[in-house]
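Structural description and commentary
Residues per chain, in single letters:
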Amino acid sequence: MSSLWGSSKVRYSALPTSDTGSDDMYQHKDYESLDFSSAFSYKSAFTYSKVLPPYVQEKRTYSPPLATRVCSKLVIILSYLFVLLTFPITGWIAIKSIEQFERLVVFRLGRLQEPKGPGMVFVLPFVDKWRRVDMRTRAFNVPPQQILTSDGAAISIGATVYHRITDVTLSIASIQDLNHSIRVLGQTVLLSLISQHSLTSLNTYKQNLNEQIQKELNKATQSWGVEVSRVELSEVTVIQESTPMSAEKVGGILGQLAGQMTGGGTPQANWIQSLIGASSGMQPVLLPPSNTPIPAAVPRRDTPTTTTLAVTPDELMAMITPILNVELVQNVDAIYVFHITGENGGTYYLDLKTGSGTVGRGNHPTCKPDVELTMSSDDMQAIFYGQLRPFVAYMSGQLLLEGDRDVAMRLDRVVARLQEAKC
């Protein structure tokens, strides 16, 4: 940019004072060209572009050895001769038609060339490798992510991201899989920014959040030759309403887990302490992925609930038996195995996949479970009595699971049917 401004000259001519038809109009002293070009070079002290990726920077600075240059020129000359001698046939291969919204990125003997197009372009067969790049605006959806907000609410929210390629060279030479990378980046930025806000602010300042996410995405994608033009958040689905004490409760549970770390300083203890600091400072805690368990080295202590144990796990299973039917089996379609710790603990299964559904003690006799759940007797009672939602128990570490998290959360349907039966 600076070289263009430094070398350009701008000239303005004064309006003539003589008549238009006068012969000496162009010789009048008022009609002189005034040179407004500056004697100084206005080279900016700032840079408006990211550092070039290694491949593009190498293209501008690397000078191959003499032998390599000679061999390359020889191969290129022979390729041109081959095209000329067999032109009617090779013309179909060497000539490409590029649309107005497309560009052709060419690598000649591995070296990056200037983008070509639009229109008819020429490539050398067997020497050039090329990629056609579409520069039109495209969109992708960030799947709904389950996030714990700063005020303790559990929500599910996604987004739609509109982007287009502005530099075809960077889009090919600076990143391997552009589409996948943008999708992963969009998901990461969505989790990071949304979790820093409360449930109320998400609904109130949604447009500002769209612009903030767009700005954060552009910071990363600029070096990839991509511009994010628009971001639209989806509707917020509330999984668990926020409560004033949600953050303190999460911090208390994590504090009990960290307190069992002997000596401290272990990776697990540091991991727990970082979450404690986030919850105590009303900072967000991201939901773990569906198949990511709590670190196995973290010993778990049963978290006491506000109610005393009124029924045993055997009695709870006996309460579930009357509500089993074909409709519930079709609605849930899963087999659960419960590993209950603490008083009157044991292993139980709940088959909501075959027949009209069955419950029993021990592992399922014939089928492999879809989800295995580990919890205390108190937590099991709280879940089936509707005092503790499975999702909240999972988030707080009271419920450990192996398998699909979404399938595990279908326990809410069993709890709802159990509550209806009590009424």
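Residues numbered from 1 in each chain as written. Predicted model: local features only at pLDDT ≥ 70, side-chain atom pairs only at ≥ 80, totals over all residues. Heavy atoms only, no water.

1. Section: the packing of helix α6 (residues 178–194) against helix α8 (residues 206–221)
Two quantities define a packed helix pair, namely the angle between the axes and the distance from one axis to the other. The criterion, for reference: The convention used is that axes are lines fitted to C-alpha atoms, helices contributing only their stretch in contact, and that angles between N-to-C directions extend from 0 to 180 degrees. Where helices and strands are cited, they refer to DSSP runs of H or I of at least four residues and of E of at least two residues respectively, numbered from the N terminus. Here the angle decides the label: under 35 degrees means roughly parallel, over 145 means roughly antiparallel, 65 to 115 means roughly perpendicular, and every other value means oblique. Each helix crossing is assigned a hand: it is left-handed if the near helix lies turned anticlockwise from the far helix by less than a right angle, otherwise right-handed if that turn is clockwise. Any two residues having at least one pair of non-hydrogen atoms within 4.5 Å are treated as being in contact. Three residue categories are used. Nonpolar comprises Ala, Val, Leu, Ile, Met, Phe, Trp, Tyr, Cys and Pro, charged comprises Asp, Glu, Lys and Arg, and polar comprises the others, including Gly.
Where α6 contacts α8, the axes come no closer than 10 Å and their chain directions differ by 135 degrees. On the basis of the axis angle, α6 is oblique to α8. Relative to α8, the crossing made by α6 is right-handed. Seen from α6, the contacting residues are Leu-185, Gly-186, Val-189, Leu-190, Leu-193 and Ile-194; seen from α8, they are Leu-209, Gln-212, Ile-213, Glu-216, Leu-217, Ala-220 and Thr-221. Partitioning the contact of α6 with α8 into residue classes produces 9 nonpolar, 3 polar and 1 charged.

2. Details of the packing of aromatic side chains
For clarity, the threshold we go by: Under the pairing criterion, centres of Phe, Tyr and Trp rings, with the six-membered ring standing for Trp, must be within 6.5 Å; the plane angle then separates stacked pairs below 30 degrees from edge-to-face pairs above 60, leaving the rest tilted. Relative accessibility thresholds used throughout: buried, under 20% of the residue-type maximum; exposed, over 50%; partly exposed, between the two (1.4 Å probe, protein chains only).
Counting across every chain of the model gives 4 aromatic pairs. Ring geometry for Tyr-336 and Phe-338: centres 6.3 Å apart, planes at 25 degrees, overall stacked. As far as burial versus exposure is concerned, Tyr-336 and Phe-338 are alike and both buried. Through a chain of ring-to-ring contacts, the aromatic side chains of Tyr-336, Phe-338 and Phe-384 assemble into a single cluster.

3. With respect to unusual backbone geometry
Of note, the bond from Gly-117 into Pro-118 is cis; its omega dihedral lies within 30 degrees of zero at 0 degrees. Inspection of the secondary structure assignment puts Pro-118 in the loop between β5 (111–112) and β6 (119–122). Positive phi outside glycine occurs at Phe-126, with the angle close to 65 degrees. Here the phi dihedral of Asp-333 falls at roughly 55 degrees; this positive angle occurs in a residue that is not glycine. Along the polypeptide, Asp-333 turns up in the loop between α12 (326–332) and β13 (334–341). Relative accessible area serves as the criterion here: at 40%, Asp-333 is assigned to the partly exposed category.

4. Side note on the side chain of Ser-156
With respect to the helices and strands, the residue Ser-156 is situated in strand β9 (residues 154–165). Using a relative accessible area of 13% as the deciding quantity, one classes Ser-156 as buried. Setting aside chain neighbours within four positions, we find Ser-156 in contact with Pro-144, Gln-145, Gln-146, Glu-235, Val-236, Thr-237 and Ile-239.

5. Considerations on the sheet that holds strand β4 (residues 102–108)
What counts, and what does not: The rule for pairing is simple: two strands pair if DSSP sees at least two bridges between them.
A sheet is described by the order of its strands in space; here 3 strands give the open sequence β5-β4-β7, paired in antiparallel fashion. Lying at the two open borders of the sheet, with one neighbouring strand each, are β5 and β7 (128–134). Bridging between β4 and β7 involves 7 bridges; their strand directions are antiparallel. Bridge pairing in β7 places Arg-108 opposite Asp-128.

6. Considerations on the pattern of salt bridges
Rule in force here: Whenever a carboxyl oxygen of Asp or Glu lies within 4 Å of a side-chain nitrogen of Lys or Arg, that contact is scored as a salt bridge.
Under the defined criterion, the tally for this structure stands at 11 salt bridges. A salt bridge links Lys-206 to Glu-235; the shortest N-O distance between them is 3.7 Å. You can see Lys-206 sitting in helix α8 and its partner Glu-235 sitting in the loop between β10 (226–233) and β11 (237–240), a full 29 residues away along the chain. Lys-206 gets classed as partly exposed once you look at its relative accessible area, which sits at 23%. Note on Glu-235: relative accessible area 65%, which makes it exposed. Here Arg-361 and Asp-314 are joined by a salt bridge, their closest N and O atoms 3.1 Å apart. Pair noted here: Arg-361 is in strand β15 (residues 358–361) and Asp-314 is in helix α11 (residues 313–320), with a separation of 47 residues, a long-range link.

7. Considering α11
Let me state the cut-off plainly: Relevant arc is that of directions from the helix axis to the C-beta atoms, nothing else.
All of the buried residues along α11 are Pro-313, Leu-316, Met-317 and Ile-320. With its buried residues spanning 100 degrees around the axis, α11 presents them on a single face.

8. Details of the pairing of β4
Across the 7 residues that make up β4, a large majority, 5, are buried. Two elements, β4 and β5, share 2 bridges in a ladder whose sense is antiparallel. Residue Arg-108 lies in a different strand from β5, and its bridge partner there is Arg-111. Linking β4 back to β5 in an antiparallel pair, the connection comprises 2 residues, with Leu-109 at a positive phi of about 55 degrees.

9. A word on a nonpolar patch on the surface
The condition is simple: Patch membership requires more than 30% relative accessible area and the absence of a salt bridge. Residues of like charge join within 9 Å; the nonpolar side chains Val, Leu, Ile, Met, Phe, Trp and Tyr join within 5 Å. Every accessible area reported is derived by Shrake-Rupley at a probe size of 1.4 Å, with residue values counting cover from the shown protein chains alone.
A contiguous nonpolar patch, built from Leu-74, Ile-77, Leu-78, Leu-81 and Leu-84 and spanning about 510 Å² of accessible area, is present on the exposed surface. Tracing the sequence through the fold places Leu-78 in helix α3 (residues 66–85).

10. A few points about the side chain of Asn-210
Here Asn-210 shows up in helix α8. Given the relative accessible area of 4%, Asn-210 is considered buried. Apart from residues no more than four positions distant in its own chain, Asn-210 is found in contact with Val-231, Glu-232 and Leu-233.

11. Describing the environment of Leu-328
Note that Leu-328 resides in helix α12. Once the C-alpha coordinates of Leu-328 and Val-414 are considered, the two residues, 86 residues apart in sequence, prove to be 7.7 Å apart. With residues near it in sequence (within four places) discarded, Leu-328 still touches Ile-323, Leu-352, Arg-413 and Arg-417.

12. Quick notes on the sheet that holds strand β16 (residues 371–376)
If you walk across this open sheet you meet the 5 strands as β15-β14-β13-β16-β17, and the pairing is mixed. Either end of the sheet is taken by a strand with one partner, and the two such strands are β15 and β17 (400–403). Averaged over all pairs of adjacent strands, the angle between their axes in this sheet comes to 15 degrees, without regard to strand direction. Bridging between β13 and strand β14 (residues 346–352) involves 7 bridges; their strand directions are antiparallel. If you follow Ile-340 over to β14, its bridge partner there is Gly-346. Sheet strands touched by α11: β13, β14 and β15. Its angle to β14, the strand with the most contacts, is close to 10 degrees.

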